[in-house]
Amino acid sequence: MENLSALDDRRDPLLIAERWIKDGRALALATVVETWGSAPRPVGSHLVIDTEGNFEGSVSGGCVEGAVVAEAADVIETGAPRLLEFGVADETAWEVGLSCGGRIKVYVEPLG
Amino acid sequence: MRAEALRALNAERRARRAAILVTDLADGSDRLVREGDVLSGQFGEALQRAFRSGKSGTVEAEGGSFFLNVHLPPPRIVAIGAVHISQALAPMARIAGFDIEIIDPRTAFATPERFPETRLAAEWPEDVFKRRPLDAYTALAALTHDPKIDDFPLKAALETGCFYVGALGSRKTHAKRLARLAEAGVTDEASGRIHAPIGLDIGAASPAEIAVAVLAQIVAALRSRGLAAVTESRAA
């Protein structure tokens, strides 16, 4: 069927995830579920990650993706979802943060 | 998210239908809710609000935390008329993030040379809509000045509930148009939704300036619709 929707096959993380699942790759899906203050990506934004650390999409402007990808490996292995929080106000818990001063919560779950 | 849920969600998105993926944040279990599904109770109301506002977020209900990820189809513009204004509107609309399609049965106008890298149909709107129907997430701009081409898509856009309907032409031209639409069975209330003369009043003179005015009016319609819904959900 013709793609009516203007979805971008090459960049849309959920379309990419569907192809990766077809290829038999084990995946995790990260989703921004809450933001406070100035956050680079809106609630609902996705990052899809495989066991090799390949990823597509974004949950921030590149500030926390590295940490999310590292957590994703554990989530794929254990099969248990987890909720991560990032922000400059939370320096004790997280070394990485958002330079823009916002805070975000990212839900990471197995996909497939 | 289950692979099945992902496939079902992507199928809805490809077909330009609104859907919400509900995830229980405690255990990651999910379910897909389609627009038009019967929704009841407090949770149902939260889902309905989310469909209206397009805002994703967490809802506390039934003793748990649920994340609602709202997927509304990306906004699209259908321009009737492969005219000078459309030549300027097509690249501007793409830059602003809209998918745009130009429809004009006059093959001398609807040529790929005049509209590079643009979805273009050198056909009657009636025929194109059979394959790619209008929907609530589509803006329709009728730009040909020719009732034979413009009237049908205007009527169809009003019936479908397109979020924006605009028509090129002076007040005098529009008065005649309203009379024709009334004769075709369109109510005054429905035809009152047509923006005519088309475009925000910025004194636009050239075709490119008119395209700016039209695009700005489409953005205003899209965002005010969203803002109204958000205000409503805050008040509730």
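Note that the coordinates shown come from a computational prediction; the quantities given were computed from them, not determined experimentally.

The rules behind these values
- Residues numbered from 1 in each chain as written.
- Chains lettered and ligands numbered in written order.
- Predicted model: local features only at pLDDT ≥ 70, side-chain atom pairs only at ≥ 80, totals over all residues.
- Heavy atoms only, no water.
- Contact = heavy atoms within 4.5 Å.
- Buried area = accessible area lost by both parts, 1.4 Å probe.
- Salt bridge = Lys/Arg side-chain N within 4 Å of Asp/Glu carboxyl O.
- Polar contact = N/O pair within 3.5 Å; in protein donor to acceptor, adjacent residues only side chain to side chain.
- Helix = DSSP H or I, 4+ residues; strand = E, 2+ residues; numbered from the N terminus.
- Nonpolar A, V, L, I, M, F, W, Y, C, P; charged D, E, K, R; others polar.
- Axes fitted to C-alpha atoms, helices over the stretch in contact; angles between N-to-C directions.
- Parallel < 35°, antiparallel > 145°, perpendicular 65-115°, else oblique.
- Left-handed = near helix turned anticlockwise from the far one by under 90°.
- Pairing = 2+ DSSP bridges.
- Domains from an automatic or database assignment.
- Buried < 20%, exposed > 50% of the residue type's maximum accessible area, 1.4 Å probe, protein only.

What to know about the interface of chain A and chain B
Now for step 1: If you look at the interface, chain A gives 27 residues, while chain B gives 26 residues.
Now for step 2: Taken together, both faces of the contact between chain A and chain B bury some 2200 Å²; the carbon and sulfur share is 59%.
Now for step 3: Counting across the interface, chain A meets chain B through 2 salt bridges.
Now for step 4: The residue Arg 13 of chain B makes a salt bridge to Asp 12 of chain A at a minimum N-O spacing of 2.4 Å.
Now for step 5: Where chain A touches chain B, the interface holds 9 residue pairs in polar contact (both at pLDDT 80 or more).
Now for step 6: Sorting the residues of the side of chain A that touches chain B by element identifies α1 (13-22), β1 (27-36) and β5 (103-111) of chain A as the ones contributing at least two each.
Now for step 7: A breakdown of the residues in the side of chain A that touches chain B according to their chemical character gives 16 nonpolar, 6 polar and 5 charged.

Considering the packing of helix α5 (residues 147-160) of chain B against helix α6 (residues 171-183) of chain B
Residue and element names in this part refer to chain B.
Now for step 1: Contact geometry of α5 with α6 gives a least axis separation of 11 Å together with a crossing angle of 60°. Between α5 and α6, the crossing angle belongs to the class labelled oblique. Seen from above, α5 lies across α6 with right-handed handedness. Counting all contacts with α5, which are made through Pro 147, Asp 151, Leu 154 and Lys 155, the residues of α6 involved are Arg 177, Arg 180 and Leu 181.
Now for step 2: Residue composition of the contact of α5 with α6, by class: 3 nonpolar, no polar and 4 charged.

A word on the sheet that holds strand β4 (residues 82-87) of chain A
Residue and element names in this part refer to chain A.
Now for step 1: The antiparallel open sheet is built from 5 strands, whose spatial order is β3-β2-β1-β5-β4. One side of each edge strand has no neighbouring strand; the edge strands of this open sheet are β3 (55-57) and β4. Averaged over all adjacent pairs, the angle separating strand axes in this sheet is 20°, with direction ignored.
Now for step 2: As defined by bridge partners, β1 adjoins strand β2 (residues 46-50) across 5 bridges and the pair is classed as antiparallel. Considered in β2, the bridge of Thr 31 is made with His 46.
Now for step 3: Contacting β1, β2, β3 and β5, α1 crosses the sheet at an angle of about 20° to β2.

Examining the domain arrangement of chain B
Now for step 1: If you check the domain split of chain B, you get domain 1 (3-71) and domain 2 (76-224).
Now for step 2: Measuring from the centre of the C-alpha atoms in domain 1 of chain B to the corresponding centre in domain 2 of chain B gives 32 Å.

Re the environment of Leu 39 of chain B
All names here are of chain B.
Now for step 1: Among the secondary structure elements, Leu 39 is positioned in the loop between β2 (30-34) and α2 (41-53).
Now for step 2: Spatially, the C-alpha atom of Leu 39 lies 28 Å from that of Arg 132, the residues being 93 residues apart in sequence.
Now for step 3: Setting aside residues up to four positions removed in sequence, Leu 39 forms contacts with Val 33, Gly 44, Leu 47, Gln 48 and Phe 51.

A word on α1 of chain A
Now for step 1: Counting buried positions over the 10 residues of α1 of chain A gives 8, a clear majority of the element.
Now for step 2: Pro 13, Leu 14, Leu 15, Ile 16, Ala 17, Glu 18, Trp 20 and Ile 21 of chain A are the residues of α1 of chain A that are buried.
Now for step 3: Tucked into the core, α1 of chain A has its buried residues touching β1, β2, β3 and β5 of chain A together with α1 (3-14) and β4 (64-71) of chain B.
Now for step 4: One side-chain oxygen at the N-terminal end of α1 of chain A lies 3.0 Å from the backbone nitrogen of Leu 14 of chain A; it belongs to Asp 12 of chain A.
Now for step 5: Just beyond α1 of chain A, the residue with positive phi is Gly 24 of chain A, at close to 80°.

Comments concerning the pattern of salt bridges
Now for step 1: Considering all chains together, one arrives at 20 salt bridges over all chains under this definition.
Now for step 2: The salt bridge partner of Asp 74 of chain A is Arg 82 of chain A, with a shortest N-O separation of 3.7 Å.
Now for step 3: Overall, Asp 74 of chain A belongs to the partly exposed group, its relative accessible area being 35%.
Now for step 4: With a shortest N-O distance of 2.9 Å, Arg 17 of chain B and Glu 12 of chain B are connected by a salt bridge.
Now for step 5: Several salt bridges converge on common partners, so that one network encompasses Glu 71, Asp 74 and Arg 82 of chain A.

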